[in-house]
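# Structural overview for review
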Amino acid sequence: MKTTQADAAPGESAAAAVAEPPERSERSERSEPAVAKLIPLRRNIPFQTLWIGSTAATLGVAVADVAYPLAILALTGSPADAGLFAAVQTSGMIVAGLPAGHLADRRSPRWLLVLAETGRVVISALVTLALVQGRLTLGLLLVAAALLGAGQATTGAARKLLVRTVVPREQLTRALTQDEVRISGGDLVGPPIGGTLYGLRVLAHAAPFLCTVLSFVLSLISGLLVRAEPDRGGQSGAGSGAGAHGGKSGMFAGIKAIWHDPMLRATTTLLAIVNCICSGLTLIAVVILRDQSVSPAMIGVTLGGAAIGGLAGAPLVRPLHRLRPGALLVAVCGLLVPLVALLAVPYGPWWMAGLLFIAFLGIPSIRVLVDVLILRQAPAAERGRVVGAVMTLITVGMPAGLAASGLLLQYLSAQFSVLILAGLLAVGVVACASRRRLWAARWPE
């Protein structure tokens, strides 16, 4: 996902190395000489402001992803309740996905971002206050989970449209890649921070929740500072015709665009299966490490192995994109099967961190693949709905996966639960890999 640039800022050199597949990059350099005159992204103030907000929000979510399960386990002692919380949060994302994309196309994405972040600030503050006062209940946590999930879907759709507004088309892939790499940095430091803050035992373990509140406040401020709106009359993308059915489909334009393209349908199906089955791995990892008497801080460090893998995988995007899209998808998803199974081997936190590192090496390549095959080709007037459709479809099975993981942990050992998930994942990957359309796909011109 990277191409090194002389004008990259310190800290951007890794991210800048990811670009379009080689053939497309070379054509762009020959046909668009004006790229050299563009303002470097490091001096693009609106983009950098959006990045700060995005990274802050990602950090807050990463901290909360460790803090909430630990708080629920302390409150109820039930892994099933922790799985239910994650399932409800993901359900909120799914329910809000299509409406959020529709609103982003019809209304101001900037104000949509501001309103959603305001909601996340208020909700997180209420949970923190209840925890400090000793009034935290599972019911309150589940309501918060649904609202936080809806807020995450809304901010995601709005922010993607704003990035495409403040960044020239020639720099879009690089900007999205840099944003992915920087967000991986938030994912890297978030789990250790969350585990460490929760282990401080101050304010009834409320420190990580306060950190989450502050991160959402920073994201809210960034939305207020960026005064940009998308051009609704922009050019339509070529390729799959992502918006061909959008004029009469309203909120469901993105769903129809994906459904009418066999390649996009196969891609989305495979990613939905992987997300469904792997959605509970974080919870299972926390339970396995807790049963091995690993400290909360070390649990956070272990989960950070996934983010390190994402950062290390960014330079691999360009060579990996020499493969056909279908081959890349099947290879990355197929590699997850043995890695998930090996989580059952009780070799301690560093063993688990290493497995997570390897598993996430290919994730940046898949994220850019989704952008190239799906999101970039949508017409500007329907881009929000396509973004919402992609986010909804690839996460639609996650609540069931999270709830199932919690139930497995309730009645079976964590190691046996991991092996069951690995077997289901193998079946899903083989089923999708048998589709000829997936293997025949080519990168769009």
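Provided above is the structure to which this section pertains.
Heads up: these notes are all about the structure in this document. Since this is a predicted model, take the numbers as computed values, not measurements.

### Things to note about the overall build of the chain
Scanning the chain from terminus to terminus reveals 20 helices and 0 strands. Here the chain holds 445 residues, and the buried ones make up 57% of them. Within the chain, contacts between residues at least 6 apart in sequence are counted, and of these 84% link residues at least 24 apart. Accessible area for the chain stands at about 18,300 Å²; split by element, carbon and sulfur atoms hold 66% of it.

### A short note on the side chain of asparagine 44
With respect to the helices and strands, asparagine 44 occurs in the loop between α1 (22–31) and α2 (45–76). Overall, the relative accessible area of 10% leaves asparagine 44 in the buried class. Reaching out from asparagine 44, the side chain makes a polar contact with the backbone nitrogen of phenylalanine 47 at a distance of 3.2 Å. A distance of 2.9 Å separates a polar side-chain atom of asparagine 44 from the backbone oxygen of valine 166. Those residues within four positions of asparagine 44 in sequence are excluded, and the remaining contacts are Ile39, Val166, Val167 and Pro168.

### So, the packing of helix α11 (residues 281–291) against helix α18 (residues 398–411)
The interhelical angle for the contact between α11 and α18, taken along N-to-C directions, is 25°, at an axis separation of 9 Å. In this view, α11 runs roughly parallel relative to α18, as classed from their interaxial angle. Viewed along their axes, α11 and α18 form a crossing whose handedness is right-handed. Facing α11, whose interface residues are Leu283, Ile284 and Val287, α18 presents Ser405, Gly406 and Leu409.

### Looking at the nonpolar core
Counting residues in hydrophobic clusters, the biggest one holds 84 residues, and the most contacted among them are Tyr68, Leu270 and Leu425. Setting aside its immediate chain neighbours within four residues, leucine 270 contacts Leu329, Val330, Cys333, Val429, Cys432 and Leu438. Counting 15 residues, the second largest nonpolar core, distinct from the first, contains Leu41, Leu113, Leu161 and Leu162.

### Focus on empty space enclosed by the protein
Tallied over the full model, the rule gives 2 cavities of 30 Å³ or more. There is about 90 Å³ of room inside the second largest cavity. If you go around the second largest cavity, you meet 13 residues; those closest to its centre are Val61, Ala64, Gln89, Leu148 and Phe216. Per-element accounting of the lining of the second largest cavity gives the leading share, 5 residues, to α2.

### Brief notes about the packing of aromatic side chains
All chains considered together, the criterion is met by 3 aromatic pairs. With a centroid separation of 4.7 Å and an interplanar angle of 25°, the aromatic rings of tyrosine 68 and phenylalanine 85 are classed as stacked. Highlighted residues: tyrosine 68 in helix α2 and phenylalanine 85 in helix α3 (residues 79–106), separated in sequence by 17 residues. Take tyrosine 68: its relative accessible area is 5%, and that puts it in the buried class. The class for phenylalanine 85 is buried, based on a relative accessible area of 4%. Judged by centre distance (5.1 Å) and plane angle (75°), the rings of tyrosine 347 and tryptophan 351 are edge-to-face. Taking the relative accessible area as the measure of exposure, tyrosine 347 reaches 61% and is therefore exposed. Each residue in the set Tyr68, Phe85 and Phe209 is aromatic and connected to the rest through ring pairs, giving one cluster.

### Describing the side chain of glutamine 89
Mapped onto the elements, glutamine 89 comes out in helix α3. Beyond its immediate sequence surroundings of up to four residues, glutamine 89 is in contact with Ala145, Ala146, Leu148, Gly149 and Gln152.

### Re unusual backbone geometry
Phi is positive for serine 293, which is not a glycine, with a value near 65°. Inspection of the secondary structure puts serine 293 in the loop between α11 and α12 (296–313).

### Some points on the environment of threonine 49
If you trace the backbone, threonine 49 turns up in helix α2. Taking the C-alpha atoms as reference, threonine 49 lies 9.2 Å from serine 219; in sequence the two are 170 residues apart. Setting aside its immediate chain neighbours within four residues, threonine 49 contacts Ser222, Leu225 and Val226.

### A few points about helix α14 (residues 325–342)
Helix length check: α14 (18 residues) gives 27 Å between terminal C-alpha atoms against 26 Å at 1.5 Å per residue, within 8%. Those residues of α14 that fall on the buried side of the exposure criterion are Pro325, Gly326, Leu328, Leu329, Val330, Val332, Cys333, Leu336, Val337, Leu339 and Val340.

### Structural notes on helix α17 (residues 383–395)
Between its first and last C-alpha atoms α17 spans 18 Å; for 13 residues at 1.5 Å apiece the expected length is 18 Å, and the two agree. α17 sits mainly inside the fold: 11 of its 13 residues count as buried. If you check which residues of α17 are buried, you get Arg383, Gly384, Arg385, Val386, Val387, Gly388, Ala389, Val390, Thr392, Ile394 and Thr395.

What counts, and where the lines are drawn
- Residues numbered from 1 in each chain as written.
- Predicted model: local features only at pLDDT ≥ 70, side-chain atom pairs only at ≥ 80, totals over all residues.
- Heavy atoms only, no water.
- Helix = DSSP H or I, 4+ residues; strand = E, 2+ residues; numbered from the N terminus.
- Buried < 20%, exposed > 50% of the residue type's maximum accessible area, 1.4 Å probe, protein only.
- Contact = heavy atoms within 4.5 Å.
- Areas by Shrake-Rupley, 256 points an atom, 1.4 Å probe, with all protein chains shown as cover.
- Polar contact = N/O pair within 3.5 Å; in protein donor to acceptor, adjacent residues only side chain to side chain.
- Axes fitted to C-alpha atoms, helices over the stretch in contact; angles between N-to-C directions.
- Parallel < 35°, antiparallel > 145°, perpendicular 65-115°, else oblique.
- Left-handed = near helix turned anticlockwise from the far one by under 90°.
- Core = buried A, V, L, I, M, F, W, Y, C linked by side-chain atoms within 4.5 Å.
- 1 Å grid on protein atoms, 1.4 Å probe; cavity = no way out; pocket = protein on both sides within 12 Å on 5 of 7 lines; lining within 4 Å.
- Points joined across faces, edges and corners; volume = space filled by probe spheres on them.
- Phe/Tyr/Trp six-rings, centres within 6.5 Å; stacked < 30°, edge-to-face > 60°.
- Expected span 1.5 Å × (residues − 1).

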